[in-house]
Amino acid sequence: MAGVLETVREEDFVQYYLFPHEIEDVINANEEKEHELKVLLTQVESIVRKYAQNYIWHRDSFCVTPVTVPFLPLSSEHIDKGALPPHLYGSSHYGDNIEDEWFIVFMLLQLTKEIDGLVARVIDSDGEFLLIEAADYLPQWANPETCEQRVYLYQGAIHIVPLEQGSNKNIGLSVTDAVAQVRQHPQKTRASQEIQDAIKARIQGYPDKIAELIHRTNVYIPVGVAALLKEKPNLISPAVLAFCNRDPIDMKACRAMRYFPPENRVMTNVVFTKCLYAMITHHKFNPDRRTGWNIPPTNSADFKSHNLGVKLACGFEILVAQAKPASRGDKQSQSPVNLDGDHGWIQYLNSLKKTGYFKDLLEGSKEYQSLLSKAEEYYINHRDSMHCEPSIGQEILNLLSSIDYDIEEFKKAESSLPPPDDEKWLDLCPKDLDAMLEERYGPRKFVPTNSNSDPTNFTSQLAKFLDHMSGLDGAEFPRSEETTSETDTPPVRPKRGIKKGKGKGVSFAPDAISAEAGTSSPSSGNRISFDQESFSCAVQNILDFVIPEDSWDLESEGSGMSSYEDEMEMDLDQLKPGKGKKGEKPESELKQYMDQMDRELASTTMGQSFEKVGSKIKGKNTRSNTTDDDGFEDIEAFEPVDIDMNALKNILESYQSQMGGAGPATNMLGPMGVRLEPETTETAKPEES
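Residues numbered from 1 in each chain as written. Predicted model: local features only at pLDDT ≥ 70, side-chain atom pairs only at ≥ 80, totals over all residues. Heavy atoms only, no water.

Draft legend 1. Examining the sheet that holds strand β6 (residues 157–160) more closely. Taken in spatial order, the 6 strands make up an open sheet running β2-β3-β1-β4-β5-β6, and their pairing is antiparallel. The sheet terminates laterally at β2 (65–67) and β6, the two strands that pair on one side only. Strand after strand, the sheet turns through a mean of 30° between neighbouring axes, direction not considered. Bridge count for strand β5 (residues 151–154) against β6 is 4 bridges, and the pairing is antiparallel. The residue of β6 that forms the bridge with Tyr-152 is His-159. Across the face of the sheet, helix α3 (residues 99–114) comes into contact with β1 (13–19), β3 (87–93), β4 (119–124), β5 and β6 while running at roughly 5° to β1. (Pairing = 2+ DSSP bridges. Helix = DSSP H or I, 4+ residues; strand = E, 2+ residues; numbered from the N terminus. Axes fitted to C-alpha atoms, helices over the stretch in contact; angles between N-to-C directions. Contact = heavy atoms within 4.5 Å.)

Right under this line is the structure:
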């Protein structure tokens, strides 16, 4: 049970392993392993300080610990399925800032480059996430199952242990064997240059890029908060997160402001990351005036600095309030444990529920309460070792009691504060977003919609896509003949329509199915034949509402449909003006319904909303050929509907109504490889030819 409780974590984490040189199995191997890991730990910490000295972590910083015993992490299904050799292990939560994860990748590459023989591995909740970034350049055998525990960092490069030919893909590769192959055959395991470039493009600019992720601004905050941030700037992250994730229990502490009252405030320069600054800026907060916050009006130049100061002060107050230890009770008096209002316990309990710890048991049941008691006991005994906010609050309390600060010095420094950084990066216009997407995913393809374009080109693409037979992995736009490989077999499209001369039954042949799938069916005497044309025609008849002729079961006396059929015949008689005339072929019921619908629509203005073909049909008066009283007196002026133009017009109107969001037009055109420019939907409209 302890293994389940200690492995609860959120999904926003990254784990990393550092494997040093193997140690031969000698008499004092264990002592030598521990000594080597301590030396390695010192080297790693020195290199990390060099690159991450000015880096502000969003949640957890980069930290590793030695592991000498056979180690099997249990925190994720993607992690190693076997004991690991001696190594350094660490895990970090990156929260809402994905840059933390890629900065860790950068540091791991630098560690393998600067420490001889070091092999590193990094994964997150998605598994081998490095391959996700380079998904366009992976070998054919690579997929999430076959690549597990095959991706490593060595000598500053990405290495992928290849899958041996003829080996069973279901048999996993142990980490020990994979690390040995990377060291022994570095040229063989080194990933292609395209994969290397894709990963390095994601971490390009570090460590100089750290300065680009920083935002400095002037904030009016209590002097205690100013002293804490001057002593340890990294405290800005937990303070912002505590404020943004506050709950009603935390707001009680904000109304008291016991540790950071608003009376003694100073203007000081505070360093944020852009992610943290955007989070705290866009959180609306109206402090309680009774607490003593005197914020200037919103149109004042000092409003932003005062408003940010209130939010930061509340964040630090929440952290300190959470640092109060839960009552563990007196063991002799057996007093109960009180975890009410413990923010760390609430987060821990929610994590247990997400991971299925309570096994869908009814809350309040006997088994549920038993599991809850074990979780409470484990949390209380291991609270200090967990990565939770109360430990940060205790650190803040210790700093407040140890550091000395003078409010007069902060007052004097107000006159020489640097100006705040520009906030233009917060405003992202559509053109900037398009440029970012184009840089990330390449230029977009779109269908020109000016007056010179031919709508038939668009509708032909749509018809080609709809006629294409999808595979097991879903529908994809059919490739052209130039890009189709010689080994690809075009799918067989069954003919549509009514197949006459066939029996009622449908036979199935696995040979026909396996031929389409590209596999050979095993030879056996117990075969089933499958006529795909007959089967497709039967399905098409259903889609086309074709009524079978041999409806003997509906005409039988015992059928319960006889009365319903009589009523249908009476209704159909009214829709058949030509019924009973000699020499005429009786019309189908569907045709009669469509004719009645046409007569009703003829009396409306519905037809005027469609785009018509420019050239009117003139010439012979086809009225003499009609015997029905359809009422089409203006048949000479009849203009046929331009189906292609109407289809394009309706799709463009649907796309424009989406206003850049997801919708039916983008969902339909996306798999076809068609992208529409927003400008074209506003300015260019289909014109009548």
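This is not the end of the story, as more comes after the structure.
Draft legend 2. Representation of the nonpolar core. Counting 49 residues, the largest nonpolar core has Val-44, Phe-62, Leu-108 and Leu-130 as the members making the most contacts within it. At the level of elements, β1, α2 (29–52), α3, β4, α4 (129–133), β5, β6 and α7 (193–202) are the ones that each hand at least two residues to this core. Of all the elements, α3 adds the most residues to this core, at 9 residues. When sequence neighbours within four positions are dropped, the list of residues in contact with Val-44 reads Leu-18, Phe-62, Val-64, Leu-88, Leu-111 and Ile-115. Counting 44 residues, the second-largest nonpolar core is a separate cluster that includes Ile-56, Phe-260, Ile-295 and Phe-316. (Core = buried A, V, L, I, M, F, W, Y, C linked by side-chain atoms within 4.5 Å. Buried < 20%, exposed > 50% of the residue type's maximum accessible area, 1.4 Å probe, protein only.)

Draft legend 3. Representation of the pairing of β1. Most of β1 is tucked away, with 7 of its 7 residues classed as buried. Alternating residues of β1 divide into Phe-13, Gln-15, Tyr-17 and Phe-19 and Val-14, Tyr-16 and Leu-18, and every residue in both groups is buried. Bridge analysis of β1 against β3 gives 6 bridges, and the strand direction is antiparallel. Within β3, the position partnered with Tyr-17 by the bridge is Tyr-89. Judged from the 6 bridges that link them, β1 and β4 form a sheet pairing that is antiparallel. Looking at the pairing, Gln-15 lines up with Ile-123 of β4.

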